[in-house]
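The primary structure of each chain is shown beneath.
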Amino acid sequence: MKGLYSALLISFDEKGNLDEKGTRNIVRYNIDVMKMDGLYVGGSTGENFMIPTETKKRIFEIVKDEAKDSIKLIAQVGSIDLYEAVELGKYATELGYDSLSAVTPFYYKFDFEEIKNYYMTIVNETNNNMIIYSIPFLTGVNMNVEQFGELLCHDKIIGIKFTAGDFYLLERVRKAFPDKLLFAGFDEMLLPAVSLGVDGAIGSTYNVTGKIAKEIFNYTKEGKIAEAREKQTYLNDIIEAVLKNGLYQTIKEILKSKGVEAAGNCRLPMKKISAEKIEIAKEIGRNFL
Ligand code: MN9
């Protein structure tokens, strides 16, 4: 399960309905052109927390159908509706997803006992692998090494998607759990995360920057830090421009400019992109990718 994963973008039409063909095209681009090792389906990048359960299921279905067994697939099933998380977990497990992942439950400030019960429930009900999705800047949920340990001691809880800039914590987690899978979640900090021994990375920008990310990953692992830094700086110039222009929609526009038809729109309440910003997105695609 090691390696580079795109956090898959999902295509929606003008009304916010799933565009199945467009989504399949994005999957194909990630496999055929970006040469990703896997896809992370239903994460933040997949606009997952804004879409209804039936659509989430359909997305898991068409991605699996398109990718077949050609790359690894992780299904993010986490939800503050634990019943939904279990239902989605069973569904993705039956479809043959290699692992589940679940965001730490957010909004209600659940205590650790509740968080632990959430993960144990999903794992015990689905009997599939689980990767903890930790993204404190969006969830407000911070876990320490001991708490990660209480979850990771379960055989089926195989790793963490670590989307944070706390590299001291990352290093302590790496040392404490050498046999678990650690994935870096911030594309702009890939180099330092790889230098601290992560097994892979999962990111939104890799839908279009996957090849650059692979170079950073490989150079860093080989100890070629100057080369890796040069690539990271190049990647971060792209990421800075993308973030400024609107993260997910800009990546969708770049995909379109690269010939990925119907890469689509974002769902409300995310706003519609302006004509001016579409031009900026195309320019980023043309100049850097
Ligand atoms: O999960 C992504 N996080 C979000 C990972 O989309 C919230 C990252 O890949 C970031 O989009 C990326 C740009 O900041 O690092």
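That block above? That's the structure.
An account of the accompanying structure is given in this report. (Residues numbered from 1 in each chain as written. Predicted model: local features only at pLDDT ≥ 70, side-chain atom pairs only at ≥ 80, totals over all residues. Heavy atoms only, no water.)

1. So, the overall build of the chain
To keep it simple, the criterion reads: Runs of H or I in DSSP of at least four residues are treated as helices and runs of E of at least two as strands, each being numbered from the N terminus. For this measure, only C-alpha atoms enter the radius of gyration; the expected value for a globule follows 2.2 Å times N^0.38, where N is the number of residues. Buried, partly exposed and exposed residues are distinguished by accessible area as a fraction of the type maximum, computed with a 1.4 Å probe on protein chains only: under 20%, between the cut-offs, and over 50%, respectively.
In terms of regular secondary structure, the chain is built from twelve helices and eight strands. For the chain, the C-alpha radius of gyration of 18 Å lies close to 19 Å, the compact-globule estimate for 289 residues. Reported as C-alpha extents along the three principal axes, the dimensions of the chain are approximately 50 × 45 × 35 Å. Looking at the chain as a whole, 55% of its 289 residues qualify as buried.

2. Overview of the pattern of salt bridges
The condition is simple: The term salt bridge refers to a pairing of a side-chain nitrogen on Lys or Arg with a carboxyl oxygen on Asp or Glu at a separation within 4 Å.
On inspection of all chains with the given rule, the structure shows 23 salt bridges. The partner of K57 in a salt bridge is E87, and the shortest N-O contact between them spans 2.7 Å. Within this pair, whereas K57 is found in helix 2 (residues 53–67), its partner E87 is found in helix 3 (residues 82–95), the two being separated by 30 residues in sequence. Judged by relative accessible area, which is 37%, E87 ranks as partly exposed. Here K256 and E253 are joined by a salt bridge, their closest N and O atoms 3.0 Å apart. Taken together, the positions of K256 and E253, both in helix 11 (residues 247–257) and three residues apart, correspond to about one turn of that helix. Classification of E253 by relative accessible area gives buried; the value is 6%.

3. Focus: the site of the ligand
Threshold: Throughout, the term near means that a residue has one or more heavy atoms lying within 4 Å of the molecule or strand in question. Under the rule applied, a polar contact is a pair of N or O atoms within 3.5 Å (in protein, one hydrogen donor and one hydrogen acceptor; residues adjacent in sequence only if both atoms are side-chain atoms). For every accessible area listed, the method is Shrake-Rupley and the probe measures 1.4 Å; residues are considered covered only by the protein chains on display. For this scheme, ten residues count as nonpolar: Ala, Val, Leu, Ile, Met, Phe, Trp, Tyr, Cys and Pro. Four count as charged, namely Asp, Glu, Lys and Arg, and the remainder, Gly too, count as polar.
K161, D187, E188, S204 and Y248 are the nearest of the 14 residues found near the ligand. In the model, an oxygen atom of the ligand is placed 2.7 Å from a nitrogen or oxygen of the K161 side chain. In the environment of the ligand, an oxygen atom lies 2.7 Å from a nitrogen or oxygen atom belonging to the side chain of D187. A total of 380 Å² of accessible area belongs to the ligand in isolation, and the protein chains cover 94% of it. Grouping the amino acids of the shell around the ligand by side-chain chemistry returns seven nonpolar, four polar and three charged.

4. A closer look at helix 2
Where we set the bar: Expected helix span is taken as 1.5 Å per residue step, with the number of steps being one fewer than the number of residues. Note on contacts: a residue pair is in contact if any heavy atoms of the two residues lie within 4.5 Å.
The end-to-end C-alpha distance of helix 2 is 21 Å, a good match for the 21 Å that 15 residues give at a rise of 1.5 Å each. Buried residues of helix 2: T55, K56, K57, I59, F60, I62, V63, K64, E66 and A67, and no others. On its buried face, helix 2 is in contact with helix 1 (20–33), strand 2 (38–41), strand 3 (72–76) and helix 3. Positive phi shows up at K68, right after helix 2, with a value of about 50°.

5. Topic: unusual backbone geometry
A cis geometry characterises the amide bond from L268 onward to P269, with omega recorded as 5°. Here P269 lies in the loop between helix 11 and helix 12 (275–288). The phi dihedral of K109 is positive, around 55°, even though this residue is not glycine. By secondary structure assignment, the location of K109 is in the loop between strand 4 (99–103) and helix 4 (112–126). Assessed through its relative accessible area of 79%, K109 is described here as exposed.

6. As for the packing of aromatic side chains
Defined as follows: Two rings from Phe, Tyr or Trp (for Trp, the six-membered ring) form a pair when their centres are within 6.5 Å of each other. A pair whose planes differ by under 30 degrees is stacked, one over 60 is edge-to-face, and the rest are tilted.
Summed over the entire model, instances satisfying the criterion amount to nine aromatic pairs. Ring geometry for F60 and Y97: centres 5.5 Å apart, planes at 70°, overall edge-to-face. Of this pair, F60 sits in helix 2 while Y97 sits in the loop between helix 3 and strand 4, and the two are 37 residues apart along the sequence. With a centroid separation of 5.0 Å and 85° between ring planes, the pair formed by Y107 and Y108 is classed as edge-to-face. Here Y107 matches Y108 in class, with each residue exposed. An aromatic cluster is built from Y107, Y108 and F110, whose rings are joined through pairwise contacts.

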